[in-house]
Amino acid sequence: MTEPAQRFRKLSISVPEDVADRLEAEPNASAFVVDSVRARIELEQLTNLNRELGITVTAEGVAQARARRLAAEAEWTSERRAALREDARRAAADMFTDPGASRSSAA
């Protein structure tokens, strides 16, 4: 078996109907599944790291943080968002044309 063929294998799995419908709607179901599994792995790693650091994340805390974020976002007009994006774009462009500029302005 060639190296690329050894790295990938086809799996047949049974999934609930709603999941099967979602996967059938995806143009590249394999990539969708891979991205989903990797996101789940990252979440598990973050949860473990938080636990090791003594940080407890509760559903209530997540809900409160989400509500604060949504409230802050609701206060931002589309003009304010556009201005912030433009400022960030300009700062990034300046960093690439004059890398020392971003360090001197941050001081």
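Residues numbered from 1 in each chain as written. Predicted model: local features only at pLDDT ≥ 70, side-chain atom pairs only at ≥ 80, totals over all residues. Heavy atoms only, no water.

**Q** Whenever I open this one, a negative patch on the surface confuses me. Can you help?
**A** The grouping of Glu17, Asp18, Asp21 and Glu24 at the surface amounts to a negative patch. Within the secondary structure, Asp18 sits in helix H2 (residues 17–25). (Patch = residues over 30% accessible without salt bridge, like charges linked within 9 Å, V, L, I, M, F, W, Y side chains within 5 Å. Areas by Shrake-Rupley, 256 points an atom, 1.4 Å probe, with all protein chains shown as cover. Salt bridge = Lys/Arg side-chain N within 4 Å of Asp/Glu carboxyl O. Lys, Arg positive; Asp, Glu negative; His and termini not counted. Charge placed at Lys NZ, Arg CZ, Asp CG, Glu CD. Helix = DSSP H or I, 4+ residues; strand = E, 2+ residues; numbered from the N terminus.)

**Q** Looking at this structure, I do not really get the layout of surface pockets. What am I missing?
**A** Where empty space is left in the structure can be found by rolling a water-sized probe over the atoms. The calculated volume of the largest pocket comes to roughly 720 Å³. If you trace the largest pocket, you find 15 residues lining it, with Leu11, Ala29, Ser30, Val33 and Val34 closest to the centre. At the level of secondary structure, the elements contributing two or more residues to the lining of the largest pocket comprise H2 and helix H3 (29–52). Residue contributions to the lining of the largest pocket peak at seven residues, all from H3. Classifying every residue of the lining of the largest pocket gives 11 nonpolar, one polar and three charged. (1 Å grid on protein atoms, 1.4 Å probe; cavity = no way out; pocket = protein on both sides within 12 Å on 5 of 7 lines; lining within 4 Å. Points joined across faces, edges and corners; volume = space filled by probe spheres on them. Nonpolar A, V, L, I, M, F, W, Y, C, P; charged D, E, K, R; others polar.)

**Q** Looking at this structure, I do not really get the pattern of salt bridges. What am I missing?
**A** Pairing of side chains with opposite charge becomes possible as their charged atoms draw close. Here the structure, examined in full by the defined rule, presents six salt bridges. A salt bridge links Arg40 to Glu44; the nearest nitrogen and oxygen atoms lie 3.6 Å apart. Of this pair, Arg40 and Glu44 are both found in helix H3, four residues apart, which corresponds to roughly one turn of the helix. Look at Arg40 and you get exposed, because its relative accessible area is 55%. Exposure remark for Glu44: the relative accessible area of 41% places this residue in the partly exposed category. Between Arg69 and Glu73 there is a salt bridge, and its shortest N-O distance comes to 3.1 Å. Of this pair, Arg69 and Glu73 both sit in helix H4 (residues 59–75), four residues apart, which is roughly one turn of the helix. Exposure remark for Arg69: the relative accessible area of 43% places this residue in the partly exposed category. (Buried < 20%, exposed > 50% of the residue type's maximum accessible area, 1.4 Å probe, protein only.)

**Q** Could you clarify how one ought to interpret the confidence of the model for the protein chain in this entry?
**A** Parts of the prediction with low pLDDT should not have their coordinates interpreted in detail. Taken as a whole, the protein chain shows an average pLDDT of 86; of its residues, 86% reach a score of 70 or greater. Of all helices and strands in the protein chain, the one with the weakest mean pLDDT is helix H6 (residues 99–106) (56), whereas H3 scores best (95). (pLDDT = per-residue confidence, 0-100.)

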